[in-house]
Amino acid sequence: MWDQEKMAELKETAARQAYRGKNGERCSAFTTISGAAVKDLYTPADIENLDYLRDLGFPGKYPYTRGVQENMYRGRLWTMRQFSGFGDAYDSNRRYRYLLDQGQTGLSVAFDMPTIMGYDSDHPRAEGEVGRCGVAIDSLADMEVLFSGIPLDKITTSMTINGPASVLWCMYLAAAEKQGVTWDKIGGTIQNDILKEYIAQKSWIFPPEPSMRLITDIFAFASRHVPRWNTISISGYHIREAGSTAVQELAFTLADGFAYVEAGIAAGLDVDEFAPRLSFFFNAHLDFFEEICKYRAARRIWARRMKEHYGAKNPRSWMMRFHTQTAGCSLTAQEPENNIVRTALEALAAVLGGTQSLHTNSMDEVLALPTEKAVRIALRTQQIIAYESGVANTIDPLGGSYFIEALTSRMEAEAEDYFKRIDELGGVLAAIDRGFFQQEIADAAYAFQQAVEQGERIVVGVNRFASGEPLQIELLKIDPAVEQKQVERLRELKQKRDAIAVSVCLDRLKKAAAGTENLIPHILEAVKAYATEGEIIAALKEVFGEYKEQPLF
Amino acid sequence: MERNRGWGLTMSERKIRVLVAKPGLDGHDRGAKVVARALRDAGMEVIYTGLHQTPEQVAEAALQEDVDVVGLSILSGAHMTLVPRIKELLAGRQMADVPLMVGGIVPEEDAQKLLAEGYADAVFTPGDPLEKIIDWIKEKCRGE
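Owing to the predicted nature of the structure, the values given are computational and were not obtained by experimental measurement.

Conventions we followed
Residues numbered from 1 in each chain as written. Chains lettered and ligands numbered in written order. Predicted model: local features only at pLDDT ≥ 70, side-chain atom pairs only at ≥ 80, totals over all residues. Heavy atoms only, no water. Helix = DSSP H or I, 4+ residues; strand = E, 2+ residues; numbered from the N terminus. Buried < 20%, exposed > 50% of the residue type's maximum accessible area, 1.4 Å probe, protein only. Areas by Shrake-Rupley, 256 points an atom, 1.4 Å probe, with all protein chains shown as cover. Lys, Arg positive; Asp, Glu negative; His and termini not counted. Charge placed at Lys NZ, Arg CZ, Asp CG, Glu CD. Salt bridge = Lys/Arg side-chain N within 4 Å of Asp/Glu carboxyl O. Expected span 1.5 Å × (residues − 1). Arc of directions from axis to C-beta. Contact = heavy atoms within 4.5 Å. Polar contact = N/O pair within 3.5 Å; in protein donor to acceptor, adjacent residues only side chain to side chain. Pairing = 2+ DSSP bridges. Axes fitted to C-alpha atoms, helices over the stretch in contact; angles between N-to-C directions. Phe/Tyr/Trp six-rings, centres within 6.5 Å; stacked < 30°, edge-to-face > 60°. pLDDT = per-residue confidence, 0-100.

Chemist: Is there a simple way to think about the overall build of chain B in this case?
Modeler: Helices and strands together make up the secondary structure of chain B, namely five helices and five strands. Element order for chain B, N to C, with α for helix and β for strand: β-α-β-α-β-α-β-α-β-α. C-alpha extents for chain B along the principal axes are approximately 40 × 30 × 30 Å. Looking at chain B as a whole, 58% of its 144 residues are labelled buried. By element, 49% of the accessible surface of chain B is carried by carbon and sulfur atoms, the whole surface being about 6,100 Å². Taking the average place of the 18 positive charges on the side chains of chain B and the average place of its 23 negative ones, the gap between the two points comes to 4 Å.

The structure is reproduced here in structure tokens:
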């Protein structure tokens, strides 16, 4: 496109212009929110080495930089999937039906902390936490209520559950059966990403080795029996929320992805047997272009690794499909209405980056779980982007921008540097063990907070332009009686069910856990006998033990 | 009752000792870690418990570490259960006079209640500057 002489002239002109502009600039250094330098101007000189067919290609074609579908949003829009759950299964079922009535196109279940940590609602450690930041699910009976009146062959469901993912997934499979829906008809996602729990989200149960076994058991079971299920959602979201930079989010998430692929292969699976069902989950933070480049780089890195390194032959194994959630950590408690605007910008970045599904945060989520009104505005934000803004009319509209392509390539290169460092440390598990990710993230979080404190980073309404007006916003309150009711229901269930059947199932599960066979059929049996989540997890803990962190800051 | 502050140093010579604790089940430790590091950078001795601590573990750590201030970080919504419990357990260990601060997602109404009923001495929420926390601790411990 450019001969050498013209390119040299162009570089010289660009450098002269940058030099002249320096005096009148409003900052001494322009950086992304992650601290990466941004130049004044990008020209063809910045993408000199970019080869269109090799590095970008066409949408729906390797290396998928421009998107995983051939027609992207001209065919089908992204799935609008609001993460939701609170109180008991009845409360959350009502909220799901409301969201579906409002035009939401998929469900996403938020569980409460005891469920996430594998405790029943009547466990002493659950006290005060039942139904607080998600829905309390103790047994199949709760799962049946949660989806009552919601046809599981028509709606796909995402479940944010990790340590006990196998148990909650089995409850979902059993609930579908009860509705008369066969497993080949159901679709959805379990987060099931334990590595990022050790790294960032910190809701772990078992040590890494048995946790990885449960995950590969799920891969194997799903590939045979639940073909439309996304068996894992490899998550950068929490890594970013814990304070990482965009490149760290990109690199650590993909490194986790490679670790799961290697674990699947080590468990004897063919890569094309399970890789098509791996999915991802990214954050959408405020730095608009950096986020768009992050998604584009992620797709390219994944495709290249899967094809060239792991030898995957099925194009579906090369495709990175991902969910996005706007950045909770970018929201402010001050002037919460401003969060609507922040979320809209973040959501727009996710769409321009080619996300497959999207959750937009509600303005009040920094204060409490969202009210119905707040969540409706959040959903409307997506609908306005989809139906009014026109950005979904053409594919990857920013592709080819000098800046976008230069930054995409730079982020890819920086991620590759991290992969080398992780390899040198002995891989992801060894790096976790040495606190590598945890320290990198804690350092980035602290650096960012310092920049905010010193006013180098402006947060509107907090460290600049603060009105100081008292907060006036209605918040959702969780009825404290929820906990008592849930505990009472659990007591009734334990009286009604066949106690012998439960203990037989749990014994079998323990025996299987001590061996090497796939655990999913055993967990399913226990779930169907109405063994509770806490009982199943406790049985597995007897065999597997528990993970302990080394606290550092 | 006056506990033994150790080392024969006066309060102004000895570093302020702070326990940063994560009671309850949630894993959100970004805030706790940032605060812990800021307090350390401000010259304090910081003991961080790590995640998922029971109220008993928190109170016991406060006693064993002989801290001057206890900080609790809670983002799971369980603060109205956990904070009073920990305050009582501290009192049971003759540490009722140790200032207790709470940080995290705590609605204003709950914060007022915790303060009014004497379960907490300060509640910090998102957007509060680190400086405000540091100043509060110094004032409580040294009357600065």
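Back to the text.
Chemist: Got a minute to help me understand the pattern of salt bridges in this structure?
Modeler: Pairing of side chains with opposite charge becomes possible as their charged atoms draw close. Residues and elements named next belong to chain A. Considering all chains together, one arrives at 44 salt bridges over all chains under this definition. Salt-bridge contacts for glutamate 249 lead to lysine 294; the nearest nitrogen and oxygen are separated by 2.6 Å. One end of the pair, glutamate 249, is in helix α10 (residues 246–266); the other, lysine 294, is in helix α12 (residues 288–309), and 45 residues separate them in sequence. One exposure class covers both glutamate 249 and lysine 294, and it is buried. Across the pair glutamate 546 and lysine 541 runs a salt bridge whose closest N-O atoms are separated by 3.8 Å. Among the residues examined, lysine 541 registers a relative accessible area of 16% and is labelled buried. Shared partners join several salt bridges into a network, and the residues in it are Arg54, Asp55, Arg300, Arg304 and Glu412.

Chemist: I keep staring at helix α20 (residues 499–514) of chain A and nothing clicks. Help me out?
Modeler: Residue and element names in this part refer to chain A. For α20, built from 16 residues, the straight-helix expectation of 22 Å at 1.5 Å per residue is met to within 8% by its first-to-last C-alpha distance of 23 Å. Taken together, the buried positions of α20 are Val502, Cys505, Leu506, Leu509, Ala512 and Ala513. For α20, the angular spread of the buried residues around the axis is 125°, confining them to a single face. Set apart from the buried face of α20 by more than 90 degrees, the exposed residues are Ile500, Lys511 and Ala514. Against α8 (208–225), α21 (520–528) and α22 (533–544) lie the buried residues of α20. Looking at where α20 begins, the residue whose side-chain oxygen comes 3.1 Å from the main-chain nitrogen of isoleucine 500 is aspartate 498.

Chemist: Sorry if this is basic, but what is going on with the sheet that holds strand β6 (residues 229–230) of chain A here?
Modeler: In sheet architecture, strand pairing relies on hydrogen bonds along the backbone and comes in two forms, parallel and antiparallel. Residues and elements named next belong to chain A. Spatial strand order, β2-β3-β4-β5-β6: five strands in an open sheet with parallel pairing. Bordering the open sheet on either side are β2 (83–84) and β6, each of which pairs with just one other strand. When strand β5 (residues 188–190) meets β6, the two strands line up parallel, connected through two bridges. Paired with glycine 188 across the strands is tryptophan 229, a residue of β6. This element, helix α3 (residues 89–101), spans β2 and β3 (107–110) of the sheet and lies at about 150° to β3.

Chemist: Looking at this structure, how should I read the packing of aromatic side chains?
Modeler: Here a ring pair, both rings aromatic, is described through the centre-centre distance and the interplanar angle of the planes. All names here are of chain A. The full count for this structure, using the stated rule, is 33 aromatic pairs over all chains. For the pair phenylalanine 147 and tyrosine 172, a centre-to-centre distance of 5.1 Å together with 90° between the ring planes defines the contact as edge-to-face. Residue phenylalanine 147 is located in the loop between α5 (140–146) and β4 (157–160), and its partner tyrosine 172 is located in helix α6 (residues 165–178); the two are separated by 25 residues in the primary sequence. You can call phenylalanine 147 buried: its relative accessible area is 0%. Pairing phenylalanine 252 with phenylalanine 437 gives two aromatic rings, centres 4.8 Å apart and planes at 75°, and the pair type is edge-to-face. Of this pair, phenylalanine 252 sits in helix α10 while phenylalanine 437 is found in helix α18 (residues 436–453), placing the two residues 185 residues apart along the sequence.

Chemist: Explain the confidence of the model for chain B here, please?
Modeler: Parts of the model with low pLDDT should not have their predicted coordinates read in detail. When pLDDT is averaged across chain B, the result is 90; 90% of the residues are at 70 or more. Taken as a whole, residues 1–7 of chain B scores under 50 in pLDDT and shows 15 contacts with residues more than four places along the chain or in a different chain.

Chemist: So what exactly am I meant to see when it comes to the pairing of strand β8 (residues 278–284) of chain A here?
Modeler: In regular strands, side chains alternate between the two faces of the sheet. All names here are of chain A. Within β8, seven of the seven residues are buried, which leaves the element mostly enclosed by the surrounding structure. Two elements, strand β7 (residues 232–235) and β8, share four bridges in a ladder whose sense is parallel. Note on β8: the bridge partner recorded for serine 233 is serine 279. Pairing of β8 with strand β9 (residues 322–326), which is carried by five bridges, proceeds in the parallel orientation. Bridge assignment links phenylalanine 280 to a residue of β9, and that residue is phenylalanine 322.

Chemist: Is there a simple way to think about unusual backbone geometry in this case?
Modeler: Residues apart from glycine generally show negative phi values, whereas peptide bonds are mostly found in trans. Residue and element names in this part refer to chain A. Residues tyrosine 62 and proline 63 are joined by a peptide bond in cis, for which omega reads 0°. Structurally, proline 63 is set in the loop between α2 (52–56) and β1 (79–80). Phi at lysine 202 takes a positive value of approximately 65°, unusual for a residue other than glycine. As for its position among the elements, lysine 202 is in the loop between α7 (194–201) and α8.

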